[in-house]
Protein chains: 2
Amino acid sequence: MSTLLEPRASLLEAIAGPADLKRLSLPELKALADEIREEVIQCVSRTGGHLASNLGIVEITLGLHYVFDSPQDKILWDVGHQAYVHKMLTGRREQFATLRQHKGLSGFINPLESEHDSFIAGHSSTATSLAVGMAIARDHLGEDYKVIAVVGDGGLTGGMALEAINHLGHIQRNVLIILNDNEMSISENLGGLSQYMKRLKQTFFYSDIKKKIDEIEIELEGVKLHPAIRELIGAVKRQAKERFETPGIVFEKLGINYSGPVDGHDVAAVVDALQKVKDRSAPQILHLVTQKGKGFAPAEQDAIKYHGVPAFTPEKVEPDRPKVKTYSDAFTQALIDIAEVEPHLVAITPATAEGSGLVRFGKAYPDRFFDVAICEQHAVTMAAGMAKQGLIPVVSIYSTFLQRAMDQLIHDVSILNLPVIFGIDRGGLVEDGETHQGVFDIAYLRSIPNLTVVAPKDALELRDMVYTAVMERRGPFAIRFPRDKAVNGDARHPFEKLDYKTWETVNAGHDIVLLAYGSMVATAIEALPLLQAAGLDPTIVNARSCKPLDETALSRFVLDPSLKIVTLEEGCLAGGFGAAVLEWAAQKRLSAPGASQAPVACLGIPDRFVEHGARSILLDLNGLSPGKIADFVIKIARHS
Amino acid sequence: MSTLLEPRASLLEAIAGPADLKRLSLPELKALADEIREEVIQCVSRTGGHLASNLGIVEITLGLHYVFDSPQDKILWDVGHQAYVHKMLTGRREQFATLRQHKGLSGFINPLESEHDSFIAGHSSTATSLAVGMAIARDHLGEDYKVIAVVGDGGLTGGMALEAINHLGHIQRNVLIILNDNEMSISENLGGLSQYMKRLKQTFFYSDIKKKIDEIEIELEGVKLHPAIRELIGAVKRQAKERFETPGIVFEKLGINYSGPVDGHDVAAVVDALQKVKDRSAPQILHLVTQKGKGFAPAEQDAIKYHGVPAFTPEKVEPDRPKVKTYSDAFTQALIDIAEVEPHLVAITPATAEGSGLVRFGKAYPDRFFDVAICEQHAVTMAAGMAKQGLIPVVSIYSTFLQRAMDQLIHDVSILNLPVIFGIDRGGLVEDGETHQGVFDIAYLRSIPNLTVVAPKDALELRDMVYTAVMERRGPFAIRFPRDKAVNGDARHPFEKLDYKTWETVNAGHDIVLLAYGSMVATAIEALPLLQAAGLDPTIVNARSCKPLDETALSRFVLDPSLKIVTLEEGCLAGGFGAAVLEWAAQKRLSAPGASQAPVACLGIPDRFVEHGARSILLDLNGLSPGKIADFVIKIARHS
C-alpha cells in the first residue's frame, strides 16, 4: 500500500482532456487506470466523498472517453457521484483538493462546471429519460452525436428508468445505455434488477427448454448425424443458456439490443465492446460487470462502508467516521426500541438503509425491515397497503427523495387517512448541493389534508414523537429532522407520550417572540446570548407542530399587538411554516377584524437553489446561523 | 339493439352480493355477463361515465368474484374507473342512477363506499404496490387471504408498477396479478408494455433460435428418427414461440410465475384459469386478453371515444359530447398554431392525449408529438433533456398527475432553469372526486426556484401565455387552467406577447380589492352585480402571475391601509396564491415597519379532500361560487 502515498501520475499528468487519452495504447490505458485508482483513493482520503463507486467505474470511464468524443457526444452519468474519474479526465484533476467544499469542485456533475457534464445528476434513475429527450432533440434538429446513459443496476430499479427504457424501445432512437452492473446498489440487501434476473431457478422457460434439448441430445446419441446438426443443437442450447443467464432477453423484449456481459475492469475488453456498438443506430444496452471499491482492499470488502466516506487514512482500514450521534441514529434507535414493544411496527427504506442508519433496525428485526431499492413511489404506496391491513409502517426517507412520492403520499396515504409514519431525514440544508437540499418538504407537506407535520428540537423529542405517532395511529404523520449531530443525542429517558400539538416555551421573555421550528430551536437558543447582549429578552418557542398549529399559543402571541413575532425554519419561505403563521393570522383577522395583531416576520430559505458546501456555511449564507438570526431579530426589535 | 332498452336482468336481479354469484352454473355466468353488459350500457348512457373499460372487464370481474371471496380476499382495481361491474355485483346496482353525482355513487372505488372496495384508486399503477404491502401485512399478522391486483397493460407502463413487480419478485409473497391486456391504454398510440413485447422482429434471440431450429429440422429431414425426437424439436420450437409472443418470459425473469394468455371474454376459461392459480403461494401473473368496449359496437370500434363519455343515446352511434370549447381545446389549438411558426416546439403527454385534446396536435404534427404512456416522471425528465439540447418541449399534464413528477420538475428541469413549458390541465376542482382534485399545484409550484407560475383569465390569455412562454424561452413556465368551458373560447386574435408579470385591473373600483387568480377572474366578474347590489364598488384584478408576483400592483394595494384585499384562488389555501400575497406583505413590513397595510383575507380550498360531484356544486360548497364569494366580500367590506 505504500506506493499509494506517492502516486507517480506520469500518464495522468499528461491528460488535459479526452483528446489526450485517445493517443494512448491499450497497455498505456491499463497503466493509466492504475494511476487513476491511486489518485481517487488519495483524493477521497483527504476530502471525503464517494469512493467505492468511483473505484468501480475507472475502466468504463476510460473506455467511454477513449471511444467517444465528449463534449460533442453526450455522456449522462446516472447519479453524478460516480463521475470523479470523468472529472479527472476532463480537466478538473487539479481541483480535487476542493472536492465538495463550498465554492469548490462539486461532488456531482453540473454543466455549469464543465462542458463535459451533459446534465445535472444528484438523484438516481434519470439518465435514460434525459438520453431519450436528447436523442429526440438531436434527431429533430438534424444533428449528429451519440447519447450515452451510464446507469447502475441500482438506478435501474427506479421506476422512471423503467419507464424510459420502455419508451426508448418503442421509439427506437439511437441511444446507448451502459449498464454498470456491480450487483449492488447503495445497500446490500435490496438486490438490483440484474440480481433478480440471475435467479435462474425461477425462470421456468429456461429450465423447460434446457431439459428438452438435453432429451434431444440423449435421443440422438446413437444416431449418425452430420456434425453440423450437433453443432446447431449445441448452439441453441448455448445461446439459450447465455441469454437466460443475463438480463439480455428482458431488454430485447422491450426493444433494446443487448450485448454483454463484459468484464468492466478489463479496459481492452471495454474499449472493444464500445467500439462494436458505437455505430449502431438502434437502441443498445451494453452490460458491463464491475466491482465496487475495485483496487482498494477495504472498499472491495465493504463497499457499503466505503460508499460515501469522510476523510480517512488509506493505510488504516477504518474510515475516520466521526462517532457523534446524529438524528438519523436517534431515529433508528427509537424504532428499534419501539419495535420491541409494538410487534406491528415495520420499517421501510428506499435504498437508504446505510445513510439513514436503518441498517441497524434491519439487523435487529430482519423480518420487519423492507429495503425496496430506489423506489420511493412503491415504498410509500406499499406502506399504505400495509397500514390498511393493520401494520404500523414507518417510512424512512430523505426529504429530497420524498419529492418522488408526493402523489403517493396524497393519493394512497392521506385520502384514506392511513397511519403511515414518515421519518423525513436530511430535512433542511445538506452539503451535497442543489440536487439534495431538503428545503421544500414543509411547504408541500403542509398543504396535504389529514397529514400531521412535526419537527423535534432534539433527539429526545424525536424519540417521543415517533413513539407518540406509533401509539396514536391516527393518520399520516411526518417527522422531520436534519442531517446533523443530534442535540441531546446521548441522552436517554423512558418513552413518553408527547403533547406535540402544544408548542413549548423554551425561554420566557418579553417584547419579541421567536417561533422556531425543528432545528431552529437549538439555533435560536444559541442566538440567545447575542440577543441578550443587545439588551433583548426574547421568548423562544419550540413550535414543534407545523400542522396542526398550536392555536392557543398563536392566539396568545399574535393577538398581542405589543409583541413582535419572528418565525424561524430551515425550509423554503414560500409556503413554509412562516406562511402557515401568516395564514392563521389572516384567518383570525376575519373573526376579529377590529383587533390589532403583532407583526410577523419570517426567516427561512429564500427563493433560490442552494449550492454545496459545509452545512454551517450554507446556514450562515441563508441567514440561519445564530449570528445572522440575532442580527435579524435585533433589527426587527429596533423597528419603531 | 332494441333489447338494450328493456334489460331483462333476471339473473342480475338475484345478485345481492358475491355469494349469490357462486350458486350459478358456468352457462348462467355467461348469460349474466350479457345482462351486465346491457346494464352497463344503459347506466352509463344515462349518467355518463367510463364505458369502454367496464365493458371490457365484465368476465374478469365475474370470474374473480366467482372464484375468490371478497371482502375476505382483497381485490385491488388499478384505476378504480374499471370497477362498475364490481360495484354492480357487490350490492350497489340500485345506486347507478346516481353515478358520479354529488353524494351519489363514486365513479371510482372507495372503502368508505363498500367493504368490497379494498382501497381507493383514481390514479393508475398503484395496485401492485398496495398488494405487496397488504400481502406483507397478512403474512406478518398470520392471516389468511388472497391479495389480487387487477392491472391493465396501460397501468403496467407506470414506473411504480414496475418497481412493485420487481420488489414482489424479490420477496416472493403470495400475490396474484391479473393483467387485463386490452392492448390499449387511454390513448391509442402509446403502446403498452405488452404491445412492445409483441414486436417479435426486435427480439433478436427469438429469431436466432427459431432460425437455428428451422435449420435443424431441414438437416434432419432425410434422417430416420424416432417420432419422439421430432416431437421434442417441435415442442422446443413451439414453446419458444409461445413464450416469446407473450410477456411471460419478462415476468418470469423478474421472479413472477406467468400463465396465459387466456381469452378474457370466455368466462369459463377465465374461471378455469383463476381456479388453477388460486392456491399457488408464489407470486403469479395471469394474462387475460380482452377488448375495450366489448359488446357495444360503437365502443368496440372507437374505445378511445367511449373511454369516458357524457350521457348518450345507445341507439345513436355518437355520444352526445357537448360542442363547447374547453380550456383544453384552446391550449391544444394554441400549440398547433404556434408549432406552425416555431419548428422546435414539441408536445409531450403522459397518456392523456384524448382528455387534454392533444390528440389533435398529434394528428397535425405526428413527428413532434410524444405520448409516453402513463409515465409522468419520464415525461418531465425527457422534456428536460429535450430543452437542454435545443427543443422547446411543452408538457401537457393534469394538475393531479403532475404530483407524480414533482421531483423531476425540481431536480431535472428547474435547477438548470430549462425552458420547459407545462400546460397544467384540470387545475382546480373536477367532478371525479378526491383522487383527481387539482388543488395542490399552486402551492407546490410556487416554492420551486426559477419557475414561472401563471394562470389565464380566459382562452385568449391562455393562447398568449403559451405564445409568450415559447418566444421567451427563459426557464420553466407553468400555465394552469381548469377543466371547464373556456371564457372567450370561440374568440380569436393574432398572438401577442403578453406582459404576464403585470397584473390587469378588469374592474376599477374603491374600498375593496379582489385579487383573482386564473379561473377566479371570471367568477369575480360574475359576483360583481351581487356586490354592486350590496352597494359595493370593488376593484377586480386579474392576478395572472402567482410567481413572480406583480410587486407594483401589490405595493399600490397592500400599502394603502384604506383598502381591504381579498385573494381568490381555486387551490388549497395552505401555501397558495393568498399565502404568497401574505408573505409579500410580511416581507414589505420589514423594509417599512411603520407603515400600515391593508388587511388581506384569503379565499380558496380549505384543508380537506373534496368529494366528487358537478364542478359548480363543488365550487359552491368550497365558497368559490359567485354567490359565496359575494357573501364573503360583503362581510369583509362591512367589517369595521
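Residues numbered from 1 in each chain as written. Chains lettered and ligands numbered in written order. Predicted model: local features only at pLDDT ≥ 70, side-chain atom pairs only at ≥ 80, totals over all residues.

Section: the sheet that holds strand β12 (residues 452-454) of chain B
To summarise the sheet geometry, strands pair through backbone hydrogen bonds and adopt either a parallel or an antiparallel arrangement. Residue and element names in this part refer to chain B. The mixed open sheet is built from 7 strands, whose spatial order is β9-β8-β10-β11-β13-β12-β17. Lying at the two open borders of the sheet, with one neighbouring strand each, are β9 (369-371) and β17 (545-547). Across this sheet, the average inter-strand angle for adjacent strands is 20°, counted without regard to direction. The sheet contact formed by strand β11 (residues 421-425) and strand β13 (residues 477-480) spans 4 bridges and is parallel. In the strand pairing of β13, Ile 421 is matched with Phe 477. Its contacts with the sheet put helix α15 (residues 327-341) on β8 (345-349), β10 (392-398) and β11, and the angle it makes with β8 is roughly 150°. Its contacts with the sheet place helix α21 (residues 459-472) against β8, β10, β11, β12 and β13, and it is angled at close to 170° to β13. (Pairing = 2+ DSSP bridges. Helix = DSSP H or I, 4+ residues; strand = E, 2+ residues; numbered from the N terminus. Axes fitted to C-alpha atoms, helices over the stretch in contact; angles between N-to-C directions. Contact = placed C-beta atoms within 7 Å.)

Some remarks on the environment of Ser 129 of chain B
Assignment of secondary structure puts Ser 129 of chain B in helix α7 (residues 127-140). Residues Ser 129 of chain B and Val 600 of chain B, 471 residues apart in the sequence, show an inter-C-alpha distance of 44 Å. Every residue in contact with Ser 129 of chain B, bar those within four places of it in the chain, is listed here: His 378, Thr 381, Met 382 and Gly 385 of chain A together with Met 160 and Ala 164 of chain B.

Description of the interface of chain A and chain B
At the junction of the two partners, chain A supplies 117 residues and chain B supplies 116 residues. For the side of chain A that touches chain B, a count of residues per class yields 64 nonpolar, 33 polar and 20 charged. (Nonpolar A, V, L, I, M, F, W, Y, C, P; charged D, E, K, R; others polar.)

Here we look at the relation of the copies chain A and chain B
Of the two same-sequence chains, chain A is brought onto chain B (RMSD 0.3 Å, axial shift 0.0 Å) by a rotation of 180°. Classification of the inter-copy transformation places it as that of a two-fold axis. (Least-squares fit on C-alpha atoms with pLDDT ≥ 70 in both.)

Section: helix α6 (residues 84-92) of chain A
In terms of burial, α6 of chain A is a largely internal element, 8 of the 9 residues being buried. Listed in full, the buried residues belonging to α6 of chain A are Tyr 84, Val 85, His 86, Lys 87, Met 88, Leu 89, Thr 90 and Arg 92 of chain A. (Buried ≥ 20, exposed ≤ 12 C-beta atoms within 10 Å, placed from the backbone.)

A look at the sheet that holds strand β15 (residues 512-516) of chain B
All names here are of chain B. Spatially, the 5 strands line up as an open sheet ordered β14-β16-β15-β18-β19, and their pairing is mixed. Looking at which strands have only one partner, the edges of the open sheet turn out to be β14 (504-507) and β19 (600-605). Direction aside, the axes of adjacent strands within the sheet are offset by 25° on average. Two strands pair when backbone bridges link them, and β15 and strand β16 (residues 539-542) are joined in this way by 4 bridges, in the parallel orientation. In the sheet register, Leu 515 faces β16, and the bridge partner there is Val 541.

As for the domain arrangement of chain A
Residues and elements named next belong to chain A. When the domains of chain A are assigned, the result is domain 1 (2-198 + 245-309), domain 2 (199-244), domain 3 (327-480) and domain 4 (504-638). Inter-centroid distance (C-alpha atoms) of domain 3 to domain 4 is 26 Å. Taken together, the 25 residues of domain 3 in the interface contact 29 residues of domain 4. Elements supplying a minimum of two residues to the side of domain 3 that touches domain 4: α20 (441-446) and β12 (452-454). Among the elements that take part in the side of domain 3 that touches domain 4, α20 stands out by supplying 4 residues, more than any other. Of the residues in the side of domain 3 that touches domain 4, the class split is 11 nonpolar, 5 polar and 9 charged. (Domains from an automatic or database assignment.)

Describing the pairing of strand β8 (residues 345-349) of chain A
All names here are of chain A. With 5 of its 5 residues buried, β8 lies for the most part within the structure. Judged by which residues are buried, β8 turns out to be covered on both faces: Leu 345, Ala 347 and Thr 349 on one side and Val 346 and Ile 348 on the other are all buried. Two elements, β8 and strand β10 (residues 392-398), share 4 bridges in a ladder whose sense is parallel. Paired with Val 346 across the bridge in β10 is Pro 393. As paired strands, β8 and strand β9 (residues 369-371) are joined by 3 bridges and run parallel to one another. Looking across to β9, one finds that Ile 348 is bridged to Phe 370. Since β8 and β9 lie parallel, the crossover through helix α16 (residues 359-364) that links them has a hand, and here it is right-handed. (Right-handed = clockwise from strand over helix to strand, strands pointing away.)

Some details on the nonpolar core
Counting 411 residues, the largest nonpolar core has Val 466, Ile 479 and Ala 516 of chain A together with Val 466, Ile 479 and Ala 516 of chain B as the members making the most contacts within it. In this structure Ile 479 of chain B touches Phe 422, Gly 423, Ile 424, Val 454, Ala 455, Pro 456, Leu 462, Met 465, Val 466 and Ala 469 of chain B, once residues within four positions along its chain are discounted. If you look at the next biggest cluster of nonpolar residues, it comprises 12 residues, including Ile 233 and Val 236 of chain A together with Ile 213 and Leu 232 of chain B. (Core = buried A, V, L, I, M, F, W, Y, C linked by C-beta atoms within 7 Å.)

Looking at the packing of helix α15 (residues 327-341) of chain A against helix α21 (residues 459-472) of chain A
Residues and elements named next belong to chain A. At a minimum axis distance of 9 Å, the contact between α15 and α21 shows a crossing angle of 40°. By the angle between their axes, α15 is oblique relative to α21. Considering only the axes of α15 and α21, their crossing is right-handed. On the side of α15, the interface is formed by Tyr 327, Ala 330, Phe 331, Ala 334, Leu 335 and Ile 338, while α21 contributes Ala 459, Leu 462, Arg 463, Val 466, Tyr 467 and Val 470. The class makeup of the residues in the contact of α15 with α21 is 11 nonpolar, no polar and 1 charged. (Parallel < 35°, antiparallel > 145°, perpendicular 65-115°, else oblique. Left-handed = near helix turned anticlockwise from the far one by under 90°.)

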